[in-house]
Amino acid sequence: MKALILVGGFGTRLRPLTLSMPKPLVDFANKPMILHQIEALKDVGVTEVILAINYRPEVMLNFLKEFENQLGIKITCSQETEPMGTAGPLALARDKLIDGSGEPFFVLNSDVISEYPFSQLIQFHKSHGGEATITVTKVDEPSKYGVVVMEEETGKVERFVEKPKIFVGNKINAGIYLLNPSILDRIELKPTSIEKEIFPKIASDQKLFAMVLPGFWMDIGQPRDYITGLRLYLDSLRKNSPSKLAKGAHIVGNVLVHESAIIGEGCLIGPDVAVGPGCVVDPGVRLSRCTVMRGVRIKKHACITSSIIGWHSTVGQWARIENMTILGEDVHVGDEVYSNGGVVLPHKEIKSSILKPEIVM
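- An unreviewed UniProt entry annotates the protein as mannose-1-phosphate guanylyltransferase originating from Rhynchospora tenuis.
- In its Function (unreviewed entry) section, the UniProt entry covering the protein states "Catalyzes a reaction of the Smirnoff-Wheeler pathway, the major route to ascorbate biosynthesis in plants."
- The Sequence similarities (unreviewed entry) comment attached to the protein in UniProt states, word for word, "Belongs to the transferase hexapeptide repeat family."

Shown next as structure tokens:
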């Protein structure tokens, strides 16, 4: 089987992290976002992953070469010269996707994290005999999204309602699809939306089915959702692979600490924290609801909450970082500095406090 991952463009919503690295390579729970997807695809027998990309494909491919060997899976790129929407890339990658086997292929949005129930998706797709299966997830606020109206028993999709004013349902498109090759005959080689142009046509032909995702789901393409996504992911690890989580008197709730990270005496870490490879956390540090990426040094008695600390940054002694502060790569925060929602571009030194949310150029 094959899979196409829609990588797209510049990742502007996750800047300043995406100024250093294409968004799918930004770490989430101590490994590149896209690797969570590729590993899950490999587990259900996918042999080739195609990345639909219009921005710096060479960076992606160089990086993924080592995982190609590690995982034993073929990773290739299909490059857009102009943004092609969410369906155009399928037409562009047509020759890579069709191998004559007639097997369905996966399409994933690269920002989506979940438990990736791909084997259930394959079973469901084969059982209903339709042309396409989409996944849906239940949300509390359906009026912010496009809602999928479907038959509860069979999963057959009846229609889509964009940002409904009155309640029509609470299930939204979760950005993970399993499609028959015949769908490619419906897509022209031009910028096209699969959600707004292709799926409604398949639904009107009564060939579109939806499976409700078990477990959690999050689009982690922006910082606040990234932090929420980490909490949901760690909750899921607690249920499914609790041995991967850190243990100890200094750990509160769900925490992921890379084996090469060093945590000092008297720290309090958690809940909902990921500490990446090669990090050094000095004594007396307090971390909660945050991600600390590879090679970061956090000095004594610093306190970090609801923030993302980019690669190889330093946080000074007694510093306080909170309220969705995002430090890009190689940012150095001085001793006793306070950041309230600062968004700091790479390679900066911060010597004075950031008292209200702002971008530091």
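## What to know about the packing of aromatic side chains
And then number 1: Tallying each qualifying case throughout the model produces five aromatic pairs.
And then number 2: Judged by centre distance (4.9 Å) and plane angle (50 degrees), the ring pair of F106 and F118 falls under tilted. Of the two residues, F106 is situated in strand β6 (residues 105–109) and F118 in helix α5 (residues 118–128); the sequence distance between them amounts to 12 residues. Across the pair, F118 and F106 agree in class, each one buried.
And then number 3: Taking the centre distance of 5.6 Å and the plane angle of 25 degrees together, the rings of Y116 and F118 count as stacked. Per residue, the accessibility class of Y116 equals that of F118, and both read buried.

## Examining the sheet that holds strand β20 (residues 297–298)
And then number 1: In spatial order, the strands read β15-β18-β20-β22-β25-β28; together these six strands make up an open sheet with parallel pairing. Two strands lie at the open edges of the sheet, namely β15 (262–263) and β28 (349–350), each paired on one side alone.
And then number 2: Relative to strand β18 (residues 280–281), β15 is paired through two bridges, and the arrangement is parallel. Counted as the bridge partner of I262 is V280 from β18.

## Considerations on the UniProt feature "domain: Mannose-1-phosphate guanyltransferase C-terminal" (unreviewed entry) in the protein
And then number 1: UniProt feature "domain: Mannose-1-phosphate guanyltransferase C-terminal" (unreviewed entry): in the numbering of this structure it lies at residues 251–360.
And then number 2: Secondary structure within residues 251–360 divides into 0% helix and 42% strand; the distance between the first and last C-alpha atoms comes to 32 Å.

## Section: the side chain of S313
And then number 1: Mapped onto the fold, S313 is located in the loop between β21 (303–309) and β22 (314–315).
And then number 2: Here G310 takes part through its backbone oxygen, which lies 3.1 Å from a polar atom of the side chain of S313.
And then number 3: Within the local environment of S313, its side chain forms a polar contact with the backbone nitrogen of V331, the two atoms lying 2.9 Å apart.
And then number 4: Sequence-distant contacts of S313, that is, excluding residues within four places in its chain, are made with G295, V296, R297, L327, G328, E329, D330, V331 and H332.

## Here's the deal with the pattern of salt bridges
And then number 1: Within the structure shown, the criterion is met by 12 salt bridges.
And then number 2: As a salt-bridge pair, D205 and R186 come within 2.9 Å of each other at their nearest N and O atoms. Here the residue D205 occupies a position in the loop between α6 (194–204) and β12 (208–212), and R186 occupies one in the loop between β11 (171–179) and α6, the gap between them amounting to 19 residues.
And then number 3: Owing to a relative accessible area of 40%, D205 belongs among the partly exposed residues under this scheme.
And then number 4: Here the salt bridges do not stand alone but share partners, grouping E131, R186 and D205 into one network.

## Examining the pairing of strand β4 (residues 48–53)
And then number 1: Within β4, six of the six residues are buried, which leaves the element mostly enclosed by the surrounding structure.
And then number 2: A two-sided burial pattern is seen for β4, the buried positions comprising E48, I50 and A52 on one face and V49, L51 and I53 on the other.
And then number 3: In this structure, strand β1 (residues 2–8) lies alongside β4, joined through six bridges in parallel fashion. Bridge pairing links K2 to E48 in β4.
And then number 4: Summarising the sheet, β4 and strand β5 (residues 74–79) pair through six bridges and their orientation is parallel. Paired with E48 across the bridge in β5 is K74.

## Quick word on the nonpolar core
And then number 1: In terms of nonpolar packing, the biggest core is built from 63 residues, with L51 and F106 touching the most fellow members.
And then number 2: Tallying contributions element by element places helix α7 (residues 223–240) first for this core, with seven residues.
And then number 3: Contacts of F106, omitting those with residues within four sequence positions, involve M1, K2, A3, L4, L41, V44, V46, F118, L121, I122, Y177 and L178.
And then number 4: C267, V273, I298 and V337 belong to the second largest nonpolar core, which has 30 residues in total.

Rules of the game
- Residues numbered from 1 in each chain as written.
- Predicted model: local features only at pLDDT ≥ 70, side-chain atom pairs only at ≥ 80, totals over all residues.
- Heavy atoms only, no water.
- UniProt positions renumbered as here; feature names shortened; annotations may be inferred.
- Phe/Tyr/Trp six-rings, centres within 6.5 Å; stacked < 30°, edge-to-face > 60°.
- Helix = DSSP H or I, 4+ residues; strand = E, 2+ residues; numbered from the N terminus.
- Buried < 20%, exposed > 50% of the residue type's maximum accessible area, 1.4 Å probe, protein only.
- Pairing = 2+ DSSP bridges.
- Polar contact = N/O pair within 3.5 Å; in protein donor to acceptor, adjacent residues only side chain to side chain.
- Contact = heavy atoms within 4.5 Å.
- Salt bridge = Lys/Arg side-chain N within 4 Å of Asp/Glu carboxyl O.
- Core = buried A, V, L, I, M, F, W, Y, C linked by side-chain atoms within 4.5 Å.

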